[in-house]
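# A look at the structure
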Amino acid sequence: MSNIVFSTNPDWQPQQDRDQDGPGLFPNDGVVRLRRETKGRKGAGVICVYGIGPERVGEVAKKLKKQLGTGGAVKKGVIEIQGDRLEQIKQWLEKAGFTVKQVGG
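Owing to the predicted nature of the structure, the values given are computational and were not obtained by experimental measurement. (Residues numbered from 1 in each chain as written. Predicted model: local features only at pLDDT ≥ 70, side-chain atom pairs only at ≥ 80, totals over all residues. Heavy atoms only, no water.)

We now examine the overall build of the chain. When helices and strands are tallied, the chain shows 3 helices and 5 strands. Buried residues in the chain amount to 28% of all 105 residues. A separation of at least 24 residues holds for 50% of the contacts in the chain among residues at least 6 apart in sequence. As displayed, the chain offers around 7200 Å² of accessible surface, 48% of which is attributable to carbon and sulfur atoms. (Helix = DSSP H or I, 4+ residues; strand = E, 2+ residues; numbered from the N terminus. Buried < 20%, exposed > 50% of the residue type's maximum accessible area, 1.4 Å probe, protein only. Contact = heavy atoms within 4.5 Å. Areas by Shrake-Rupley, 256 points an atom, 1.4 Å probe, with all protein chains shown as cover.)

Right, dumping it as structure tokens:
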């Protein structure tokens, strides 16, 4: 681990921050992973969808939000869908031809 305390580079972030979230969290093996998350969202739950390629992530997010009638966002290549809609998201992704796996609690 680096001992840097301060950097003038605007893109620099500590190693532990880079490893905690983002596209590198799960392997790029063609499996779409769904995970419930509430941390940092004041208790409001979202379903995070990991593993969709960067070329399709925007298109899939838009279709998911429209199909479910809910809000969401794409952050660092991860789709975040508001609400506890895990089963509905899983069914929709499987219909769209993705291999889906639920991870976490």
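The strands making up a sheet associate through backbone hydrogen bonding, with each pair oriented either parallel or antiparallel. Pairing within the open sheet is mixed, and its 5 strands lie in the order β3-β4-β2-β1-β5. In the strand order of this sheet, the two ends are held by β3 (72-75) and β5 (99-102), each with one partner. For this sheet, the mean inter-axis angle between neighbouring strands, taken without regard to orientation, is 25°. In this structure, β3 lies alongside strand β4 (residues 78-82), joined through 4 bridges in antiparallel fashion. For Lys75, the partnering residue across the bridge sits in β4 and is Val78. Lying on the sheet, helix α2 (residues 57-68) is in contact with β3 and β4; it crosses β4 at an angle near 10°. (Pairing = 2+ DSSP bridges. Axes fitted to C-alpha atoms, helices over the stretch in contact; angles between N-to-C directions.)

What follows is about the nonpolar core. Counting 18 residues, the largest nonpolar core has Leu34, Val49, Ile52, Val60, Ile79, Ile89 and Leu93 as the members making the most contacts within it. Listing elements by their share of this core, those giving two or more residues are β1 (31-37), β2 (46-50), α2, β4 and α3 (86-95). (Core = buried A, V, L, I, M, F, W, Y, C linked by side-chain atoms within 4.5 Å.)

On to the pairing of β2, then. Counting buried positions along β2 yields 5 of 5 residues, so the element is predominantly enclosed. Side-chain alternation along β2 places Val46, Cys48 and Tyr50 on one buried face and Ile47 and Val49 on a second face that is also buried. Examined bridge by bridge, β1 and β2 share 5 bridges and lie antiparallel to one another. Within β2, the residue paired with Arg33 across the bridge is Tyr50. Two strands pair when backbone bridges link them, and β2 and β4 are joined in this way by 4 bridges, in the antiparallel orientation. Note on β4: the bridge partner recorded for Cys48 is Glu80.

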